[in-house]
Number of protein chains: 2
Amino acid sequence: MQEEAFVLLGNKNLSRTPCRVEMLKVLLDSGSALSDAEIRNKLPQHFDRTTIYRTLRSFLEQDVIHSIALEGGDVRYAVTHHKDQNTRQFHAHFYCDSCSGVYCLSRASFVPPQMPEGFVASGYDVLVNGKCRNCN
Amino acid sequence: MQEEAFVLLGNKNLSRTPCRVEMLKVLLDSGSALSDAEIRNKLPQHFDRTTIYRTLRSFLEQDVIHSIALEGGDVRYAVTHHKDQNTRQFHAHFYCDSCSGVYCLSRASFVPPQMPEGFVASGYDVLVNGKCRNCN
DNA sequence: AAAAACTTTGCAACATTGTTGCAAAATTAA
DNA sequence: TTAATTTTGCAACAATGTTGCAAAGTTTTT
């Protein structure tokens, strides 16, 4: 994971600082999308709140990660994988009603929606809920 | 709108207080979903922040309104219409990239997604983005 | 219609969350 | 190794949301 983190940071010209490396490792290690609090709790050492917020912002700006908005306004973060690049217009995620885990889904099985008169769609996000592979 | 507000409150056994009536009228008058700040700004008189938060919570609990989470964590609120009742498993909304307006969409034109092995879907939400009827 | 029972409101205090400026420390480039 | 640049942590601040409680309002009962 360390290697992968270094590569991701290098690709986006982000300097290899401990906070960035550790946050990225946490996200890479996790099978699911994490809230900022979850990321903070999984870090091996303490970093200032400010630094974490700023790091999240940098990652988002550079598209190293993307955010997923849940019903109610909670936000989770997940690493943006290469295979997602063709998918910028379309994100699909799964929310588990049992464990609250959030997983990125492949877009393959979705059909683009038709719009009512006057509305022109340029992209869309889908949030599926149900039970994840660990909770069935 | 006054009448409609009274009916909606009555249906859910919510007492007919000025704050509730006015908030509901604002939401009924609006063609699009509103943030709490937008609701507050459209109110004809001042109500305490606390009261507005509590009223939103009551409305959500009683399903008078529903919340729509946008990318980044912003939340909008819209009245839950009767025709949406069969649609509890499925919400579709439109976000306008120009004016930031949020509109409820009918679900008719969406095809349910297929899930990867081990995941069982029980419902899903779609957030389409693009240009709304006023911005084309 | 008036009184009693119950609910909602507004205020104050507090907790949480996120932002900004700036000097110190770390990273990268020369 | 030094110089230039960027990031970090702290402090202060701003914004957002919550809780307890007395006063005011709404609904129910008589």
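In what follows, the structure referred to is the one given above.
In this text, all values refer to a predicted model and were calculated from it rather than measured experimentally. (Residues numbered from 1 in each chain as written. Chains lettered and ligands numbered in written order. Predicted model: local features only at pLDDT ≥ 70, side-chain atom pairs only at ≥ 80, totals over all residues. Heavy atoms only, no water.)

Asks: A description of the protein's contact with DNA strand D should follow, citing residues and the corresponding values.
Replies: Surrounding DNA strand D, one finds 19 residues, the nearest of these being Thr17(A), Arg20(A), Arg54(A), Arg49(B) and Tyr53(B). Within the side chain of Arg20(A), one N or O atom sits 2.7 Å away from a phosphate oxygen of DNA strand D. Within the backbone of Arg16(B), an N or O atom sits 3.0 Å from a phosphate oxygen of DNA strand D. Of the residues belonging to the surface near DNA strand D, the class tally is four nonpolar, eight polar and seven charged. (Near = heavy atom within 4 Å. Polar contact = N/O pair within 3.5 Å; in protein donor to acceptor, adjacent residues only side chain to side chain. Nonpolar A, V, L, I, M, F, W, Y, C, P; charged D, E, K, R; others polar.)

Asks: So what's going on with the side chain of His66(A)? Which residues, and what values?
Replies: Residue and element names in this part refer to chain A. Positionally, His-66 belongs in strand S1 (residues 65-69). We classify His-66 as buried; its relative accessible area is 9%. A polar contact of 3.0 Å, which involves the side chain of His-66, links it to the side chain of Thr-80. Within the structure, His-66 has its side chain in polar contact with the side chain of His-93 (distance 3.1 Å). (Helix = DSSP H or I, 4+ residues; strand = E, 2+ residues; numbered from the N terminus. Buried < 20%, exposed > 50% of the residue type's maximum accessible area, 1.4 Å probe, protein only.)

Asks: Go over the relation of the copies chain A and chain B, please, and point to the residues and values.
Replies: The two copies are related by a screw operation: chain A maps onto chain B through 180 degrees of rotation and 0.0 Å of translation along the axis, at an RMSD of 0.1 Å. Such a combination of turn and shift is consistent with a two-fold rotation axis. Most of the interface of chain A is mirrored in chain B: 100% of its interface residues are interface residues there too. (Least-squares fit on C-alpha atoms with pLDDT ≥ 70 in both. Contact = heavy atoms within 4.5 Å.)

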